[in-house]
Amino acid sequence: MIESKENITYEFFGINPSQFYSGKFSGWACAPDYLIDPKKRFDIEYDRAKFLVKNISGRRILDIGCGSAPYGNTIRNNTNAKEIFGVDLDPECVENAKKSYDFASVFDLNEKLPFEDAYFDCVFSMDVFGHIEFKHKNHLLNEIYRVTKRGGNSVHGIECGIIDYRAANPNDPKCAITHYVWQEGHVGIEDAHELHSRWSQFFSNVNIENAFIWPLKPFASIKNMRMPAELSEILASYSQEQIDAVQVVLGFLQGEYRKHIKKNDPGLLLPNEDHPFSKHSGFVYLTAEKFQDG
């Protein structure tokens, strides 16, 4: 049994980060503005894009762990951002990001960010913090705080859940946690309360919400839920057009459900395993502000 999460590292799982991530998340160079398509504005698969454009503000923006800048043109066309910067560990991703961003560079997030203090109006990330080792998380948060202007905001989509890393045994070929980490490199998943506690050490007005309101999820995730075999066969037979229609309906329902909860019982949006409708969905949206006077 591992005594501390600080000992949960890539090395512990036998992973070399530079090699592991090389080309792994290199995607569409110069991805389009997703939200220009009316269907995507309702499609639950593009809820992350809607979250970003709703919360990102300011003229100079930094994308932490930018990948190939999948949301670059969506942000540029739907916010007041004028300059967008990105940093990422993978050179292949950075070359793609340069096609969408004003500046992108290869960078190890465990080091000091290559920007001066109070340089950005907003810092954002998507699918990054679950890949940061526990021992480096506070360092990265401190760096984000440092490069953010007073009154600036932080906007993040974060992998979130309950994983007992201390029970992991990389030497056991049947260890489920090890296999989970080996898939995408998630060495640093925290639950919602851990995230809130950590971020509140640096930022004010920290707000965390389930990205997908239980039990609504994108279609690909729903297919993996436990269900009668007959229903599973029906879903497997759907054409792409049928799947797209389902995604639009799911996205619309989630939007309506979120508005209703925010109005009547906003606490339900914070993941809580003790409540049947607030369980961790696997991903959360986090927003926070840098103190005006701090």
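Everything that follows concerns the structure shown earlier in this document.
Given the structure is predicted, the values throughout are model-derived calculations rather than measurements.

### Regarding a nonpolar patch on the surface
(1) Moving on: Nonpolar side chains collect at one region of the surface, where Phe42, Val249, Phe252 and Leu253 lie side by side and expose about 370 Å² of accessible area between them.
(2) Moving on: Within the secondary structure, Leu253 sits in helix α10 (residues 240-264).

### Structural notes on the sheet that holds strand β6 (residues 204-210)
(1) Moving on: Pairing is mixed in the open sheet, where 7 strands are placed in the order β3-β2-β1-β4-β5-β7-β6. The strands lining the two open edges of the sheet, one partner per strand, are β3 (103-106) and β6. Strand-to-strand twist of the sheet, defined as the mean angle between neighbouring strand axes without regard to direction, takes the value 15°.
(2) Moving on: Across 6 bridges, strand β4 (residues 120-126) lies against strand β5 (residues 148-159) in parallel orientation. Across the sheet, residue Ser125 finds its bridge partner in β5, namely His156.

### Observations regarding the pairing of strand β7 (residues 283-289)
(1) Moving on: Counting buried residues along β7, 6 of its 7 residues qualify, which places the element largely inside the surrounding structure.
(2) Moving on: The sheet contact formed by β5 and β7 spans 7 bridges and is antiparallel. Bridge assignment links Gly157 to a residue of β7, and that residue is Tyr285.

### Things to note about the side chain of His131
(1) Moving on: When you line up the elements, His131 lands in the loop between β4 and α5 (134-147).
(2) Moving on: Setting aside residues no more than four positions away along its own chain, His131 makes contact with Tyr10, Tyr21, Phe25, Glu159, Glu184, Gly185, His186 and Val187.

About the cut-offs
Residues numbered from 1 in each chain as written. Predicted model: local features only at pLDDT ≥ 70, side-chain atom pairs only at ≥ 80, totals over all residues. Heavy atoms only, no water. Patch = residues over 30% accessible without salt bridge, like charges linked within 9 Å, V, L, I, M, F, W, Y side chains within 5 Å. Areas by Shrake-Rupley, 256 points an atom, 1.4 Å probe, with all protein chains shown as cover. Salt bridge = Lys/Arg side-chain N within 4 Å of Asp/Glu carboxyl O. Helix = DSSP H or I, 4+ residues; strand = E, 2+ residues; numbered from the N terminus. Pairing = 2+ DSSP bridges. Axes fitted to C-alpha atoms, helices over the stretch in contact; angles between N-to-C directions. Buried < 20%, exposed > 50% of the residue type's maximum accessible area, 1.4 Å probe, protein only. Contact = heavy atoms within 4.5 Å.

Bear in mind that shape data such as this cannot, by itself, settle questions of function.
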